[in-house]
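# Close look at the chain arrangement
In case you want the letters, here they are:
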Protein chains: 2
Amino acid sequence: VSYRRTGSRLVPTSVGPGGLVPVMRPVLKRFGGRWIVSAFSDDDRAIARTDPRGHEYDGFTLQLLDVPADVHRGHYETVSVEYLGRLFHYLFELPYLPVFDDRFSAAWGNFQRVNELYAHAVARAPGDAPVLVEDYHLMLVAQRIRTLIPSFDRPLVYFHHVPWCAPDYFGLLPRPIRSEILSALLSYDAVGFHSHRWARAFLDCCERFVAGARVEDGSVEWNGRSIRVLSSPAPIDPAEIKRAATSHEAHQWFDRLTRLVAGRTAIVRVDRADLWKNVLRGFEAFGLLLRRRPELASHVCFIAVLSPTRTWLTEYRRYLRACERAAARINQTFDGTRRGHAPPVEILVAADGLRPDHHRALSAMRVADALLVNPLYDGLNLVAKEAVIVSERAPVLVLSENAGSYDELADGALCINPFDVTETAHALERALEMDAEERSRRADALRRIILARTPESWIDDQLGAVGAGTSSRTTPKKLSR
Amino acid sequence: VSYRRTGSRLVPTSVGPGGLVPVMRPVLKRFGGRWIVSAFSDDDRAIARTDPRGHEYDGFTLQLLDVPADVHRGHYETVSVEYLGRLFHYLFELPYLPVFDDRFSAAWGNFQRVNELYAHAVARAPGDAPVLVEDYHLMLVAQRIRTLIPSFDRPLVYFHHVPWCAPDYFGLLPRPIRSEILSALLSYDAVGFHSHRWARAFLDCCERFVAGARVEDGSVEWNGRSIRVLSSPAPIDPAEIKRAATSHEAHQWFDRLTRLVAGRTAIVRVDRADLWKNVLRGFEAFGLLLRRRPELASHVCFIAVLSPTRTWLTEYRRYLRACERAAARINQTFDGTRRGHAPPVEILVAADGLRPDHHRALSAMRVADALLVNPLYDGLNLVAKEAVIVSERAPVLVLSENAGSYDELADGALCINPFDVTETAHALERALEMDAEERSRRADALRRIILARTPESWIDDQLGAVGAGTSSRTTPKKLSR
């Protein structure tokens, strides 16, 4: 959540698809609670200063934290995005990056500082509800809380929303930073991941780098404490997502997308244009398919809804341009204008973080016959779940085996190695030509899996891990303080 | 070994530091045997055709294999260098590479073809000596031999000379290729690595990707067979290396390097300029040290002896230029000409694969006060061992924890995380300022470790693993056919 000044008023805006917000909103709406988030902009900081205790927002208390701009930059742009985000997604070009030097050390000081600000805010917050800390930007919070208040006894749960990397790659970090991160995570009562695979990689890192840690499947014993390590994929809120997809605001997008598809079979992808979403190989696979089967070009289209992100980084701008060039090459090769059909690839790029993007994305999901979700590595990929629920056409899901949601969805999806363009092209071909019976059987299977998990199950898993299940200690809305 | 035409004669040449040759030569000189190698150049192919059974060379039989140029390119340049070499060293910039498409599939066909050519050559070779297959270019040989001759009963040992990567990274390969490689390696009787860490990573890959494999520490049970997995770091031949370092040919290089050092304390690095040797961060660390301690610039120098390699690849040329620019920046900042001392950094770049390079490299090792061996990841790094033996100054070894030789040498070295420039700068500072007592204690410890292993121990480890020890079945020179 962020605020923007409109005239003299500050109005809340919300970010596009992907990221933490669509995971947390249904949970907060269901259970209430206090959400403490960094002020990102000067306008946010103004709110944080005038309203340090937070205010009601959409059924929960929203508390903005006044993080100075330069501290925020070191914490978020440098450490979180440039270093840790790339680390957990295996994104470094190792001959050149990462470089751990004075610049990193200074930014790491800011990373620690922001984690301390959160620790102070949590320590001062009223009530005795469990504390859920979301994502790697805040890995150090529990340790700082326990330093501030050694007797702190509210359950402290950390959830990691991106992949965790293998020890060989985690070992890129300087030795003191490795220890600091791992011992900080072992200061929580439980550490959660969307997939068993990331939980396992975390346990492997504890085994390799934490002296004296005893690692079991599902827990770490260390320094006389037992830390639960769980895997619990985040759910979606189907009612809410369907409502948004068929809302008045989405309607004009749906009409436009229906006209764009114009009766063709539609492959759809929806992504925040992060470096790990693999948009480029998706186009390469589609191009390979059309070269092998040029007759498909007239009755198949590929719609990519992309929200640019982190565009202050050269790599992100370079990557988006490479994707656009790949799409343009396909459209040049299979130019259909003279044969009466539209270009096969359409990229719909939304302005960074703008809300209408959400409706465009949902509308694209509605018209999808096939969904391509082919990330290099992805913590979960909620879009895979959203799209299956929103599509009106029994969509075939082509899913990367490196998405966290692979754990849950593999049985109903066509699974691919995202680096294997040949295999991806074959999977797209199979999706386009699948008969109606198999399509609906698979789509039904996926829907059953997706609907089986609710915001309650996700919270239950986490609180259950620390002996504070929603059914006993906390019931919906009682988490609220 | 390669041949070059000099007038009407073909004369053997030898490659520079690094790679397989310095590992294998002392072994072959000691034990004899038949070395089967691909013809690389047209001149090599001429030899292969006129002399298909091989000829005596330096105490062993050298047999060149006539691999057609285009098949060689697919096998070596595309699959081995562009794909597998980068894979095992974690070198891909994942948003863009690797791409597995038709080009890869065609090259993979050539990779299989070359492995089949070797299998045929081994199957036709006389005698019953064990077969030692060296490095990842030839991973498929045993499987092809067993297809040709199901009753083949000579021991088949594979040795992997580069790192092995974690399952998450090995999983970049297309699914059929993963299986093909791992099941091919499990067709050997034993699989060897220079370091326990790479052996462990290989076992982890078998566990993740080979259905039905039972993985123990040191072996894999699969398909009713037991495959030994061993870690056995390659030795050097100290007598040979000392002889070469003090040879007549090396002498003029030694004089030149002594003049270049001009009484300063010398940090030396010697590398084939591969993308994983981390030359760039070495310079960055030295630059950081000089910025913190500018007074060092007048009495310390950093000599980098680099052999360019794989210069047909843009990435390699780009990397070498980046290294040269980093060195130039340091020399500009700490320009000593007006203060009467030479520039602090000297890069000595040798022509690709030229023999004199070896003497220059050895001479640089002789004048070293400190050795920087900081690869991102490296199968072993024989230079670390050579330099300690050759140096005349009780050198301090600054060693990457990701070099295979870390297993053996950690106790005597100053160990660093190669990505941590700050830590590397500190280690260089400590090396430069270490007192004489600690220097010689550490250098003595390193020498003892290095001299404890001989070419015999390395071969013994491998043959012992398949129940064919040198002391019983094979004694030195009896391996010869």
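Please read all numbers here as calculations on a predicted model, not as lab measurements. (Residues numbered from 1 in each chain as written. Chains lettered and ligands numbered in written order. Predicted model: local features only at pLDDT ≥ 70, side-chain atom pairs only at ≥ 80, totals over all residues. Heavy atoms only, no water.)

Moving on to the overall build of chain A. Per the secondary structure count, chain A includes 18 helices and 17 strands. Relative to the 2.2 N^0.38 estimate, which gives 23 Å for 481 residues, the radius of gyration of chain A is 23 Å and therefore close to what a compact globule would have. Counting only C-alpha atoms and orienting by the principal axes, one finds that chain A spans roughly 75 × 50 × 45 Å. The buried share of chain A, taken over its 481 residues, is 64%. (Helix = DSSP H or I, 4+ residues; strand = E, 2+ residues; numbered from the N terminus. Rg over C-alpha atoms; globule rule 2.2 N^0.38 Å. Buried < 20%, exposed > 50% of the residue type's maximum accessible area, 1.4 Å probe, protein only.)

Next up on the list: the pattern of salt bridges. On inspection of all chains with the given rule, the structure shows 74 salt bridges over all chains. Note that Arg269 of chain B is salt-bridged to Asp271 of chain B, the shortest N-O span being 2.7 Å. Assessed through its relative accessible area of 0%, Arg269 of chain B is described here as buried. Overall, Asp271 of chain B belongs to the buried group, its relative accessible area being 5%. Linking Arg293 of chain B and Glu433 of chain B is a salt bridge whose minimum nitrogen-to-oxygen distance equals 2.8 Å. With Arg293 of chain B in the loop between helix H11 (279-292) and strand E13 (300-307) and Glu433 of chain B in helix H16 (residues 421-433), this residue pair connects regions lying 140 residues apart in the sequence. Here Glu433 of chain B falls in the partly exposed class, since its relative accessible area comes to 46%. Each of the salt bridges in this network shares a partner with another, and the network as a whole consists of Arg292, Arg293, Glu295, Glu429 and Glu433 of chain A. (Salt bridge = Lys/Arg side-chain N within 4 Å of Asp/Glu carboxyl O.)

Bringing the packing of aromatic side chains into the picture now. As enumerated under the stated definition, the model contains 52 aromatic pairs over all chains in all. Between Phe193 of chain A and Phe202 of chain A the ring centres are 5.4 Å apart and the planes differ by 40 degrees, which places this aromatic pair in the tilted class. Both residues of the pair, Phe193 of chain A and Phe202 of chain A, count as buried. Note on Phe88 of chain B and Trp164 of chain B: the rings are 4.6 Å apart at their centroids and 45 degrees apart in plane angle, and the pair reads as tilted. In this pair, Phe88 of chain B sits in helix H3 (residues 69-88) while Trp164 of chain B sits in the loop between strand E7 (156-160) and helix H6 (167-170), placing the two residues 76 residues apart along the sequence. Following the ring pairs from residue to residue traces out a cluster consisting of Tyr90, Phe92, Tyr169, Tyr377 and Phe419 of chain A together with Tyr90, Phe92, Tyr169, Tyr377 and Phe419 of chain B. (Phe/Tyr/Trp six-rings, centres within 6.5 Å; stacked < 30°, edge-to-face > 60°.)

It is worth spelling out the relation of the copies chain B and chain A at this point. When chain B is fitted onto chain A, the two copies agree to an RMSD of 0.0 Å after a turn of 180 degrees and an axial shift of 0.0 Å. Here the transformation between the copies is reduced to the relation of a two-fold axis. Across chain B, the smallest distance between a C-alpha and the rotation axis is recorded for Glu93 of chain B, namely 2.4 Å. A shared binding surface is used by both copies, with 100% of the interface residues of chain B retained as interface residues in chain A. (Least-squares fit on C-alpha atoms with pLDDT ≥ 70 in both. Contact = heavy atoms within 4.5 Å.)

To continue, consider the nonpolar core. Grouped together as the largest cluster of nonpolar side chains are 232 residues, with contacts concentrated most on Trp164 of chain A together with Trp164 of chain B. Not counting chain neighbours up to four residues away, the residues in contact with Trp164 of chain B comprise Asp168 of chain A together with Phe88, Met139, Phe170, Ile181, Leu182, Leu185, Phe193, Trp198, Ala201, Phe202 and Cys205 of chain B. (Core = buried A, V, L, I, M, F, W, Y, C linked by side-chain atoms within 4.5 Å.)

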